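Breakdown of the fold
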Amino acid sequence: MEKQRFTISIFTENVVGILHRVSIIFSRRKINVQSIAASESEIKGIYRYTVVIIETKDQVKKVVGQLEKQVEVVKAVFHTDEEVVHQEIALYKVKTGVLASGGSAEKIVRAHNARVLSVETNFTVLEKTGHKEETQQLFDDLEPFGILEFVRSGRVAITKPMRTLSSIVEELEQLIKN
Amino acid sequence: MDQTAIQMKTEQQKMNGSQAVVHSLIAENVDLIFGYPGGAIMPVYDALYDVEDQLKHILTRHEQGATHAAQGYARATGKVGVCLATSGPGATNLITGIADAQIDSTPLVCITGQVASPLLGTDAFQETDIIGISMPVTKWNYQVTRAEEIPFALAKAFFIAKSGRPGPVLIDITKDAQFEMLDFNYKPFKGMRSYVPTPKLDLSKVKEAASLINSAKKPFVLFGQGVLLAEAEKEFKSFIEKAGLPAAWTIMGLSALDSDHYLNVGMLGMHGNYAPNKLTNECDVLIAVGMRFDDRVTGDLKRYAKQAKVIHLEIDPAEIDKNVKTEVAVIGNAKESLKELTKLITENKHTEWLEKFRTLEKEEFTEVINKELNPTSELMSMGEVLNKINQFSDQKNIIVTDVGQHQMIACRYAKFKHSRSSITSGGLGTMGFCLPAAIGAKMGKPDRQVIGIIGDGGFQMTIQELGTIFQFKTAVKIVVLNNEFLGMVRQWQELFFDKRYAATTMVNPDFQTIVKGYGIKTNKVEKRACLDDAIKDMLAYEGSYFLEVLVGKENNVFPMITTGASVSDIRLK
């Protein structure tokens, strides 16, 4: 079975140490995590981890099974790239002089629809959101002018299938009452 | 403390964190705990001093012994085993037992002391990150830094440890939380949204499973510890009897079905019986009940039951399709699943199919079993010793085993008439498990005959627990089958490493002298002529008894599925 890119969404209770429990599931199988992002979900108190890995479907199924088995994991699901709407954000720090000269660097920024976040005398911070390929393209284009600093977030993704987290949580909460 | 005082404590009352720990345990109906004191857990030990008559503490000689004893206790009784240890080395010494309990689904609650919360992360004396260390081998763990968290954390710990697929839980309590005052009010834990212990049974899956079973010509049942954990022995028996289903067990499922039941076709896996292994690759429907297709059971997965449609009855959804692809997965508690499934299956005998098992059984008897039980060699065989125990006892013993050749022989040849009677380290294969586990089993079931079967290697891994037996006058029977080798490794060296016996020869001390030092009655059998009397003597003896039997040095355990081989390639020699 061929390896492909999967986005795993893990919904957890807000407790200390859950990131460790989640990451063990991957490291134990020697799976390298491509990116990880975490924040509170639409439900207060439930955190959402978005993890990207490259694996076979068989393996990702087992991993998600093990994730969901963790006591403080509410739900874990996996999707292919086609099944999610995903985005990353990248920040680029370049010398202000490079942009001020009005040359090709400015054209690149315009062409990529990058935003200027901050302009200081010595440096300017640009922002670009998009798929990794897009933020990477801007990086490659700016590189000849010198990039002082670069950072890219992990992927965040919204799943296309319609089952809402709140309906899942509602069902689970009903189970405890019964 | 009198009854009213306890009553007052279980209602809202001011007490310190340590008292809250012991009163939470009492509220969970714990009456026995295993442990070892030390600096960071001293306040809890101080609180124990006041409740000694309700909550007995067994001082093992090493924290590893405490976990294995708690495991033995849990496995024999079905209750949660509890152990107590200090921070740092006390806590890390628990890890082997916790890992063992995790892989064998044994409910444990381990409580460790921790340095005071302001010292966390400072490399304080006896500080170790036991939460981080134990995370991969616990079902759940939690660090308590405030006294008020204690009742809730412990209630949750017991709930998680024993519900669903059971497992070990660790609660780490900082020393300042043990001293801090709180309003104690114990409430049992009711559940949480992120944890569904027993998934709801899907009756449509039960129907699908039943129709597969009903149309099967050669159905075959594999059962594991899930039957014992769900207390589904009766339901399991009705299930296989109704449809005449031959059933084979994993070593964790041993004793869930009487050894002499006509549908019990023996042990699965690497050193299991010939017929069930061979016929795994001939059955048309394979029904796995509460087992997880461990690699020691399946051999090469690419050549495992490929011809069969697989039905998997299992409580843990993560086990479905993990190793073997299933046709029908019935997720739920085995007791309920089996009850529903039995309703829908049609009566059958499968006489011809059963006959196939009988034929192969005969072959194994001639080639292996008879030779093991009636050897012509000068030194005794391990199987011979087990056979004598069967012969001279009522077969209602609890047999506890360590890991290695003697374990395989004991599982193969010990006879059982009682559920929860085989206690062994299955998944982790922990040498040193037996002696402390036997102690815990005997303490949990004082009226049962508890016999520990150990090799000379494993015996010396936790030999210090003889001190626990001595101090608490634990009436366990210990049988050391001494071949002066690390026998299973030696067997592999003989078969796969050209007899290059690297580090497997044991130069042993005089066990008799050592055991006598602990005031335990001892006996040593060197000649076959003395074996019968020695075993009768041991079984009849009231107190603890140590029996050493010198067995053949280079005997091998057969049958055997060699690494990478298919179950149907099982070798008789």
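Residues numbered from 1 in each chain as written. Chains lettered and ligands numbered in written order. Predicted model: local features only at pLDDT ≥ 70, side-chain atom pairs only at ≥ 80, totals over all residues. Heavy atoms only, no water.

A few points about the overall build of chain A
- Looking only at helices and strands, chain A has six helices and nine strands in total.
- Taking 178 residues into account, the globule formula puts the C-alpha radius of gyration at 16 Å, and chain A, at 20 Å, lies well above it.
- For the C-alpha atoms alone, the extent of chain A along its principal axes is close to 70 × 40 × 30 Å.
- Across the 178 residues that make up chain A, the buried fraction comes to 41%.
- Total accessible area on chain A is roughly 10,000 Å²; 51% of this is exposed by carbon and sulfur atoms. (Helix = DSSP H or I, 4+ residues; strand = E, 2+ residues; numbered from the N terminus. Rg over C-alpha atoms; globule rule 2.2 N^0.38 Å. Buried < 20%, exposed > 50% of the residue type's maximum accessible area, 1.4 Å probe, protein only. Areas by Shrake-Rupley, 256 points an atom, 1.4 Å probe, with all protein chains shown as cover.)

As for empty space enclosed by the protein
Residues and elements named next belong to chain B.
- One pass over the structure, following the stated rule, counts two cavities of 30 Å³ or more.
- There is about 70 Å³ of room inside the largest cavity.
- In this structure, the largest cavity is lined by Glu-372, Ser-381, Met-382, Gln-405, Ile-409, Asn-483, Val-551, Gly-552, Asn-555, Asn-556 and Val-557.
- Taken together, the residues of the lining of the largest cavity break down into four nonpolar, six polar and one charged. (1 Å grid on protein atoms, 1.4 Å probe; cavity = no way out; pocket = protein on both sides within 12 Å on 5 of 7 lines; lining within 4 Å. Points joined across faces, edges and corners; volume = space filled by probe spheres on them. Nonpolar A, V, L, I, M, F, W, Y, C, P; charged D, E, K, R; others polar.)

Some details on the packing of aromatic side chains
All names here are of chain B.
- Following the criterion strictly, the structure yields 18 aromatic pairs over all chains and no others.
- Consider the rings of Phe-184 and Tyr-186, whose centres lie 6.2 Å apart with planes at 25 degrees: the pair is stacked. The pair formed by Phe-184 and Tyr-186 is uniform in burial state, with each residue classed as buried.
- Aromatic side chains Phe-223 and Phe-236 sit 4.6 Å apart centroid to centroid with 45 degrees between the ring planes, which places their arrangement in the tilted category. Pair noted here: Phe-223 is in strand β9 (residues 219-223) and Phe-236 is in helix α12 (residues 233-243), with a separation of 13 residues, a long-range link. For the pair shown, Phe-223 and Phe-236 are each scored as buried.
- One aromatic cluster is present, built from ring pairs that chain together Phe-152, Phe-159, Phe-189 and Tyr-195.
- In this arrangement the basic side chain of Arg-490 is found over the ring face of Phe-485, its NZ or CZ atom lying 5.7 Å from the centre. (Phe/Tyr/Trp six-rings, centres within 6.5 Å; stacked < 30°, edge-to-face > 60°. Lys NZ or Arg CZ within 6 Å of the ring centre and 35° of its normal.)

Structural notes on a negative patch on the surface
- A surface patch of negative charge is lined by B:Asp46, B:Asp50, B:Glu52 and B:Asp53.
- Residue position: B:Asp53 is located in the loop between α3 (42-50) and β3 (56-59). (Patch = residues over 30% accessible without salt bridge, like charges linked within 9 Å, V, L, I, M, F, W, Y side chains within 5 Å. Salt bridge = Lys/Arg side-chain N within 4 Å of Asp/Glu carboxyl O. Lys, Arg positive; Asp, Glu negative; His and termini not counted. Charge placed at Lys NZ, Arg CZ, Asp CG, Glu CD.)

A short note on the side chain of B:Asp172
- Note that B:Asp172 resides in strand β7 (residues 168-174).
- Although B:Asp172 lies buried, it forms no salt bridge, and the closest oppositely charged side chain, A:Arg21, sits 12 Å away as judged by the N-O distance.
- Looking at B:Asp172, its side chain comes within polar contact range of the side chain of B:Thr112, at 2.8 Å.
- A polar contact is formed between the side chain of B:Asp172 and the side chain of B:Gln114, at a distance of 2.9 Å.
- If sequence neighbours within four positions are ignored, B:Asp172 has contacts with B:Thr112, B:Gly113, B:Gln114, B:Ile130, B:Ile131, B:Tyr142, B:Gln143 and B:Val144. (Polar contact = N/O pair within 3.5 Å; in protein donor to acceptor, adjacent residues only side chain to side chain. Contact = heavy atoms within 4.5 Å.)

Points about α12(B)
Residues and elements named next belong to chain B.
- Where α12 is concerned, the buried positions are Glu-233, Glu-235, Phe-236, Phe-239, Ile-240 and Ala-243. Looking straight down α12, one finds that the buried residues subtend no more than 165 degrees of arc, so they occupy a single side.
- Each element contacted by the buried residues of α12 is listed here: α10 (203-215), β9, α11 (225-229), β10 (247-249), β12 (285-289) and α15 (334-344).
- Note on α12: the residue one or two positions beyond its end, Gly-244, has a positive phi of about 55 degrees. (Arc of directions from axis to C-beta.)

Here's the deal with the pattern of salt bridges
- Tallied over the entire structure, the rule returns 38 salt bridges over all chains.
- Here B:Glu319 ties to B:Arg165 by a salt bridge, and the two come within 2.8 Å at their closest N and O atoms. Taken as a pair, B:Glu319 in the loop between β13 (309-314) and β14 (328-331) and B:Arg165 in the loop between α8 (150-162) and β7 lie far apart in primary sequence, 154 residues in all.
- For B:Glu554, the salt bridge is made with B:Arg490, and the minimal N-O distance between the two is 3.9 Å. Pair noted here: B:Glu554 is in the segment after β20 (545-550) and B:Arg490 is in helix α22 (residues 487-496), with a separation of 64 residues, a long-range link.
- Classification of B:Arg490 by relative accessible area gives buried; the value is 0%.
- Taken together, the shared-partner salt bridges in this structure form one network comprising A:Lys69, B:Arg165, B:Asp316, B:Glu319 and B:Lys322.

Concerning unusual backbone geometry
Residues and elements named next belong to chain B.
- Following Phe-558, the chain continues to Pro-559 via a peptide bond in cis, the omega torsion being 0 degrees.
- By secondary structure assignment, the location of Pro-559 is in the segment after β20.
- Residues other than glycine seldom take positive phi values, yet Gln-126 does so here, at roughly 55 degrees.
- Turning to its location among the elements, Gln-126 is positioned in the loop between β5 (108-114) and α7 (130-134).
- What makes Gln-126 partly exposed here is its relative accessible area of 25%.

Brief notes about the interface of chain A and chain B
- On the side of chain B, 23 residues touch chain A, which itself brings 23 residues to the contact.
- The junction of chain A with chain B conceals about 1,800 Å² of combined surface from both sides, 56% of it contributed by carbon and sulfur atoms.
- Considering only the side of chain A, the residues that lose the most area to chain B are A:Arg21, A:Val71 and A:Ile176, jointly responsible for 35% of the buried surface there.
- Where chain A meets chain B, there are five salt bridges.
- As a salt-bridge pair, A:Glu13 and B:Arg193 come within 2.7 Å of each other at their nearest N and O atoms.
- Viewed at the interface, chain B and chain A are joined by 10 residue pairs in polar contact (both at pLDDT 80 or more).
- Put simply, the parts of the chain that give the side of chain A that touches chain B at least two residues each are α1 (18-28), α2 (57-69), β4 (73-80) and α6 (165-177) of chain A.
- Taken together, the residues of the side of chain A that touches chain B sort by class into nine nonpolar, six polar and eight charged. (Buried area = accessible area lost by both parts, 1.4 Å probe.)

Re the sheet that holds β14(B)
All names here are of chain B.
- Read across the open sheet, the six strands follow the order β11-β10-β9-β12-β13-β14; overall the sheet is parallel. Every interior strand has two partners, whereas the edge strands, β11 (264-267) and β14, have only one. When strand polarity is set aside, the average angle formed by the axes of neighbouring strands in this sheet is 20 degrees.
- Two strands pair when backbone bridges link them, and β10 and β11 are joined in this way by three bridges, in the parallel orientation. Bridge pairing links Ala-248 to Gly-266 in β11.
- Sitting on the sheet, α10 touches β12, β13 and β14, and the angle it makes with β14 is about 130 degrees. (Pairing = 2+ DSSP bridges. Axes fitted to C-alpha atoms, helices over the stretch in contact; angles between N-to-C directions.)

A short note on the nonpolar core
All names here are of chain B.
- If you look at the biggest cluster of nonpolar residues, it comprises 99 residues, and the most contacted ones within it are Phe-220, Phe-236, Phe-239, Leu-286, Val-289 and Val-549.
- In terms of residue count, helix α16 (residues 351-373) provides more of this core than any other element does, seven residues in total.
- Not counting chain neighbours up to four residues away, the residues in contact with Phe-239 comprise Ile-213, Val-221, Leu-245, Ile-287, Leu-338, Leu-341, Thr-342 and Ile-345. (Core = buried A, V, L, I, M, F, W, Y, C linked by side-chain atoms within 4.5 Å.)

A word on helix α4 (residues 63-77) of chain B
Residues and elements named next belong to chain B.
- Across its 15 residues, α4 extends 21 Å between first and last C-alpha, which sits within 8% of the 21 Å expected from 1.5 Å per residue.
- In terms of residue burial, α4 counts as a mostly covered element, since 15 of its 15 residues are buried.
- Of the residues trailing α4, Gly-78 is marked for its positive phi of about 85 degrees. (Expected span 1.5 Å × (residues − 1).)

Remarks on the sheet that holds strand β18 (residues 477-482) of chain B
Residue and element names in this part refer to chain B.
- With respect to topology, six strands assemble into an open sheet ordered β16-β15-β17-β18-β20-β19, the strand pairing being parallel. On the outer flanks of this sheet lie β16 (422-423) and β19 (521-525), each paired with one strand and no other.
- Of the pairings in the sheet, the one linking β18 to β20 comprises six bridges and is parallel in character. When the sheet's bridge partners are listed, Ile-478 is paired in β20 with Phe-546.
- Sitting on the sheet, helix α18 (residues 405-413) is in contact with β15 (398-401), β17 (450-455) and β18, with an inclination near 140 degrees to β17.

All quantities given are derived from atomic positions and should not be read as evidence of function.
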